[in-house]
Amino acid sequence: MPRPLLPANEGINLIMKNKAILITGGTTGIGLATAKLLSAEGAKTSSVLSYFEEYFTPDGDAPLSGHSTGQIARHIYSLLDRRGTCRYVPQQPVGGLRADVFVGHFWSFLDYCRHNTFGRAIAVYPIADSLWTTALLKERAATFGVPMPWWDLPPASFDHRATMEAADAVIVVGNRFTLHTYAPEHRRKIVLVNYAADTRLRPATEGLAPPGSFCYVATHCDLRKGFMDALQTWDDLGADGPSLHVIGATRPPWDRLLAGCRGHVTYHGFVNSKEPRYASTIADCRFAYLPTYSEGQVGTLLEAIHLGCVPITTLASGLPEEVLAHCIIVESGDIDGQRRAIRDAAAWSDDMFAATRGRLRRVAGRLHDWARFEDRVGSLVDRLAGVAGVGVNG
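Sequence positions are assigned chain by chain, starting from 1 and proceeding in written order. Reporting in this predicted model follows two pLDDT cut-offs: at least 70 for local features of residues, and 80 or more for side-chain atom pairs to be given and counted; totals over whole chains, interfaces and linings ignore these cut-offs and use all residues. Only heavy atoms go into the side-chain values, all of them from the structure, while hydrogens and water stay out.

With that settled, consider the overall build of the protein chain. From N to C terminus, the protein chain includes 14 helices and 14 strands. Here the term buried applies to any residue with accessible area under 20% of the maximum for its type, exposed to any over 50%, and partly exposed to those in between, with areas from a 1.4 Å probe on protein chains only. Here the protein chain, with 394 residues, has 56% of them falling under the buried criterion. Contacts are residue-level and defined by heavy atoms, with any inter-residue pair within 4.5 Å sufficient. Contacts in the protein chain between residues far apart in sequence, at least 24 positions, make up 67% of those at least 6 positions apart. In this description a helix means any DSSP run of H or I spanning at least four residues, a strand means any run of E spanning at least two, and both kinds are numbered starting from the N terminus.

What follows covers unusual backbone geometry. Of note, the bond from proline 252 into proline 253 is cis; its omega dihedral lies within 30 degrees of zero at 0 degrees. Within the fold, proline 253 resides in the loop between strand 10 (243-249) and helix 8 (254-259).

Here the focus is helix 14 (residues 370-386). When the terminal C-alpha atoms of helix 14 are compared, their 23 Å separation across 17 residues agrees well with the 24 Å that a helix rising 1.5 Å per residue should span. In terms of burial, helix 14 is largely enclosed, as 13 of its 17 residues are buried. N-capping of helix 14 is provided by aspartate 369, with a side-chain oxygen placed 3.1 Å from the backbone N of alanine 371. The span expected for a helix works out to 1.5 Å for each residue beyond the first. Here a polar contact is taken to be a pair of N or O atoms separated by no more than 3.5 Å, where protein atoms must pair a possible hydrogen donor with a possible acceptor and residues adjacent in sequence count only if both atoms sit in side chains.

Bringing the pattern of salt bridges into the picture now. Counted as salt bridges are all cases of a side-chain nitrogen of Lys or Arg within 4 Å of a carboxyl oxygen of Asp or Glu. For the coordinates displayed, the defined rule picks out 13 salt bridges. We note a salt bridge from lysine 274 to aspartate 61, for which the minimum N-O separation is 3.1 Å. Linking lysine 274 in the loop between strand 11 (264-269) and helix 9 (276-283) with aspartate 61 in the loop between strand 3 (47-50) and helix 1 (68-81), this pair joins segments that are 213 residues apart in sequence. With its nearest N and O atoms 2.6 Å apart, the salt bridge here joins aspartate 350 to arginine 286. Of the two residues, aspartate 350 is situated in helix 13 (residues 350-367) and arginine 286 in the loop between helix 9 and strand 12 (287-290); the sequence distance between them amounts to 64 residues. Taking relative accessible area as the criterion, aspartate 350 reaches 38% and is therefore assigned partly exposed. When salt bridges with common partners are traced through the structure, they connect Asp235, Asp236, Arg262, Asp336 and Arg339 into a single cluster.

Moving on, we get to the side chain of serine 65. Position of serine 65 relative to the elements: it lies in the loop between strand 3 and helix 1. Take serine 65: its relative accessible area is 8%, and that puts it in the buried class. For serine 65, the contacting residues outside a window of four places in its chain are Glu54, Tyr55, Gly70, Gln71, Arg200 and Lys274.

The next thing to look at is the sheet that holds strand 7 (residues 169-173). Sheet architecture is open: six strands sit in the order 4-3-5-6-7-8, paired in parallel fashion. Every interior strand has two partners, whereas the edge strands, strand 4 (86-89) and strand 8 (190-193), have only one. With strand direction ignored, the average angle separating the axes of adjacent strands in the sheet is 20 degrees. Two strands are said to pair when DSSP picks up at least two bridges between them. Looking at chain direction, strand 7 and strand 8 are connected through four bridges and run parallel. Across the sheet, isoleucine 171 pairs through a bridge with valine 191, a residue of strand 8. Axes here refer to lines fitted to C-alpha atoms; in helices the fit is confined to the stretch in contact. Angles between the N-to-C directions go from 0 to 180 degrees. On the sheet, helix 1 packs against strand 3, strand 4, strand 5 (98-105), strand 6 (117-125) and strand 7 and is oriented at approximately 175 degrees with respect to strand 3. Along the sheet, helix 2 (residues 106-115) contacts strand 3, strand 4, strand 5 and strand 6; its crossing angle with strand 5, the most-contacted strand, is approximately 155 degrees.

With that out of the way, let us pick up the pairing of strand 11. As paired elements, strand 10 and strand 11 share five bridges and run parallel to each other. By the bridge assignment for strand 11, leucine 244 is matched with valine 265.

Remark: helix 7 (residues 227-235) packs on helix 12 (residues 335-346), axes separated minimally by 9 Å, with the N-to-C direction vectors making an angle of 65 degrees. Judged by the twist between their axes, the crossing of helix 7 over helix 12 is right-handed. Between helix 7 and helix 12, the contacting residues are Asp229, Gln232, Thr233 and Trp234 on the first element and Ile335, Gln338, Arg339 and Ile342 on the second. Put simply, Ala, Val, Leu, Ile, Met, Phe, Trp, Tyr, Cys and Pro go in the nonpolar bin, Asp, Glu, Lys and Arg in the charged bin, and everything else, Gly too, in the polar bin. For the contact of helix 7 with helix 12, a count of residues per class yields three nonpolar, three polar and two charged. Crossing chirality is assigned from the near helix's rotation relative to the far helix, an anticlockwise turn below a right angle marking it left-handed and a clockwise turn marking it right-handed.

Residue alternation in strand 13 (residues 310-313) divides its side chains into two sets, Val310 and Ile312 and Pro311 and Thr313, and both sets are buried. Where strand 12 lies against strand 13, four bridges are found, and the strand directions are parallel. Residue pairing for strand 13: leucine 290 is matched across the bridge by threonine 313. The parallel pair strand 12 and strand 13, bridged by helix 10 (residues 299-306), forms a crossover whose chirality is right-handed. Note that strand 13 and strand 14 (residues 328-329) share two bridges and pair parallel. Bridged to threonine 313 within strand 14 is isoleucine 329. Here is how to tell: hold the view so the strands point away, follow the path from the first strand over the helix to the second, and if it runs clockwise the crossover is right-handed.

Spelled out as structure tokens, the structure:
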């Protein structure tokens with residue numbers, strides 16, 4: 001049987017695009033940075049932040065503010081605004097702006113840089129390399145005979161290479177697997193960060209969910225999130241096997257494929273994370289199963305950990321290696337391996353689950369912290385705005 005836990009000091013051999021990449025254990029280097037002063041005491045940094053208005057607005061609660069996109073935007077705006085005056089602008093580019101620092105979601109980053117005057121510019125990539133992701137999904141879509149999820153990818157006009165070249169620095173949310181999806185010549189600009197779950201979610205209870213209870217949680221149950229793997233895995237576990245609670249929106253053909261799954265599956269549809277039943281459904285499960293193909297860092301898994309679940313996921317989940325050491329690691333596409341992992345997890349004793357959950361929550365609580373996120377990003381902003389010529393990782 002596969003070993004359910006990955007020791008923190010064990011190397012992980014990654015296979016990506018026929019290249020073997022060794023990831024060793026130990027820290028990720030996301031320590032708290034020492035705050036740095038700008039070039040003059042009391043100096044202010046003018047800034048512009050561009051993100052999606054449906055996820056974040058400074059003046060109110062955006063409809064999707066509980067999603068990771070909204071959480072990240074809110075905390076970036078907060079750290080920028082504390083350093084001076086931060087102007088928030090929509091994703092659709094506007095001109096006539098001037099600022100010391102521009103921070104923008106990668107989709108429209110290049111247009112903003114071309115039509116405005118900024119001293120320094122930082123692109124935010126909350127995903128793996130978009131070219132790598134597109135190539136991977138094209139291959140998987142052809143294999144499974146399902147539509148390519150173009151809606152889940154940057155617009156056709158997006159120029160990834162030009163964006164990476166135009167940026168003074170790039171914030172990437174994820175782990176070393178995520179980092180190595182980017183071209184070697186671009187990695188020198190990248191600063192890896194972790195973020196945290198929505199602190200408004202109900203805290204995890206100390207009780208234990210029933211054995212053999214699993215959840216699959218995503219905004220959209222689709223190709224990139226490994227939904228085909230989940231359906232194929234559960235299809236052969238039988239109607240009397242472990243239970244899987246699916247939360248997330250579906251569209252054709254995924255709704256039909258889900259309806260045809262022969263396993264013990266309960267579909268809850270899309271549930272906004274602000275609704276109480278979102279947290280309660282996850283907290284009633286022991287394991288959060290998401291065999292994702294490509295991510296930055298999976299927000300629903302961070303929420304599941306916060307609510308008391310142990311993830312069963314892939315290295316592509318973007319969770320830091322120290323957190324993955326207390327998760328169950330599977331490979332995307334390895335349906336037999338995933339099925340064995342599910343059966344093994346369903347057989348865990350109460351003591352084994354409680355001990356693993358306790359270790360996981362302690363490590364995740366330390367690494368996935370909004371104060372650490374703001375310190376990491378804020379230190380980058382300070383270096384770029386106040387110390388000319390200092391490397392972004394210096």
